[in-house]
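Below, each chain spelled out in residue letters.
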Amino acid sequence: MQNIVNLRERQRDVAAGSHKEALAAKAKLQSQVDELQQEHAEQMPLQADVSAGQVNTQRLIESQRYQLYLIQQMQSIGAQIELIETECEKRRLILVTKEQALRSLEKLREKELTEWNTQQLSREQDALDQWGSFKHWKESQR
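The following refers to the structure shown. Along each chain, numbering runs from 1 in the same order as the chain's sequence is written. Residues qualify for local features only when their pLDDT is at least 70, as the model is predicted, and side-chain atom pairs are given and counted only at 80 or more; totals for whole chains, interfaces and linings, by contrast, use all residues. As a rule here, side-chain values cover all heavy atoms of the structure and leave hydrogens and water aside.

Concerning the overall build of the chain
Selection criterion: In this text, helices come from DSSP runs of H or I with a minimum length of four residues, and strands from runs of E with a minimum of two, each type numbered from the N-terminal end. Here the globule rule is a power law, 2.2 Å times the number of residues to the power 0.38, and the radius of gyration is based on C-alpha atoms. For each residue, the accessible area found with a 1.4 Å probe, counting protein chains only, is set against the maximum for its type, and the residue is called buried under 20%, exposed over 50%, and partly exposed in between. Here, two residues are considered to be in contact whenever any of their heavy atoms come within 4.5 Å of each other. Note on areas: these come from Shrake-Rupley sampling with a 1.4 Å probe, and a residue is covered only by the protein chains present in the view. His is not counted here, nor are the chain ends, while Lys and Arg score as positive and Asp and Glu score as negative. Taken as the charge centre is NZ of Lys, CZ of Arg, CG of Asp or CD of Glu, depending on the residue.
From N to C terminus, the chain includes two helices and zero strands. Relative to its length of 142 residues, the chain is extended, with a C-alpha radius of gyration of 35 Å against a globular reference of 14 Å. The principal-axis extents of the C-alpha atoms in the chain amount to approximately 125 × 20 × 15 Å. Residues classed as buried in the chain amount to 16% of the 142 residues present. For the chain, the share of sequence-separated contacts (at least 6 apart) that also reach a separation of at least 24 residues comes to 84%. Per element, the accessible surface of the chain, about 11000 Å² overall, is 53% carbon and sulfur. Taking the average location of the 20 positive side-chain charges in the chain and that of its 22 negative ones, the two points are 8 Å from each other.

Observations concerning the environment of Val 14
As for its placement among the helices and strands, Val 14 is situated in helix α1 (residues 2-52). Residues Val 14 and Leu 95, 81 residues apart in the sequence, show an inter-C-alpha distance of 8.6 Å.

Some words on the pattern of salt bridges
Proximity of charged atoms lets side chains of opposite charge pair with each other. Counted only if it meets this: We count a salt bridge whenever a side-chain nitrogen from Lys or Arg sits within 4 Å of a carboxyl oxygen from Asp or Glu.
Going through the model one piece at a time under the given rule, you end up with four salt bridges. The closest approach of N and O atoms between Lys 26 and Glu 85, which form a salt bridge, is 3.3 Å. On the criterion of sequence distance, the pair formed by Lys 26 in helix α1 and Glu 85 in helix α2 (residues 57-140) is long-range, its members being 59 residues apart. A residue is classified by how much of its surface remains accessible, and Glu 85, at 37% relative accessible area, is partly exposed. Note that Glu 87 is salt-bridged to Arg 91, the shortest N-O span being 3.0 Å. With Glu 87 and Arg 91 both in helix α2 and four residues apart, this pair spans about one turn of that helix.

Things to note about the packing of aromatic side chains
Note the following rule: Aromatic pairs are defined between Phe, Tyr and Trp rings, using the six-membered ring for Trp, whenever the two ring centres lie within 6.5 Å; interplanar angles under 30 degrees are classed as stacked, those over 60 as edge-to-face, and all others as tilted.
A full pass over the atoms with the stated rule returns two aromatic pairs. Their ring planes at 25° and their centres at 6.3 Å tell us that Tyr 66 and Tyr 69 sit as a pair that is stacked. Of this pair, Tyr 66 and Tyr 69 are both found in helix α2, three residues apart, which corresponds to roughly one turn of the helix.

Below is the structure:
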């Protein structure tokens with residue numbers, strides 16, 4: 001029984017590691033999105049400066065192009081994040097299944113151990129009863 005429990009523990013640990021990897025990938029992509037959003041926000045003052053004074057059309061066009069590029073990158077990464085979230089959920093469900101399987105085996109092991117202990121106590125009590133009966137019989141024969 002212990003070998004099966006050890007196997008289930010390893011399977012659970014593998015599933016937990018896989019889930020953590022997916023969460024780490026999601027966090028990494030989310031940090032990339034955050035950086036891109038920050039860069040996008042940094043371009044806004046450049047466009048505001050252009051509207052308040054001399055217009056440098058080349059700089060304005062480059063800034064707008066760069067913002068569009070950043071938006072496309074954020075959308076692309078956002079799509080990847082959605083895929084990873086789906087994968088995270090799948091891995092989480094696998095992890096939950098593995099944990100449930102492990103818990104059910106542990107409960108079964110505890111139940112069997114309790115039954116074994118009960119049987120052992122019963123055997124010991126029977127042996128004591130037999131010994132006591134034998135001793136009583138022997139004393140009554142004197």
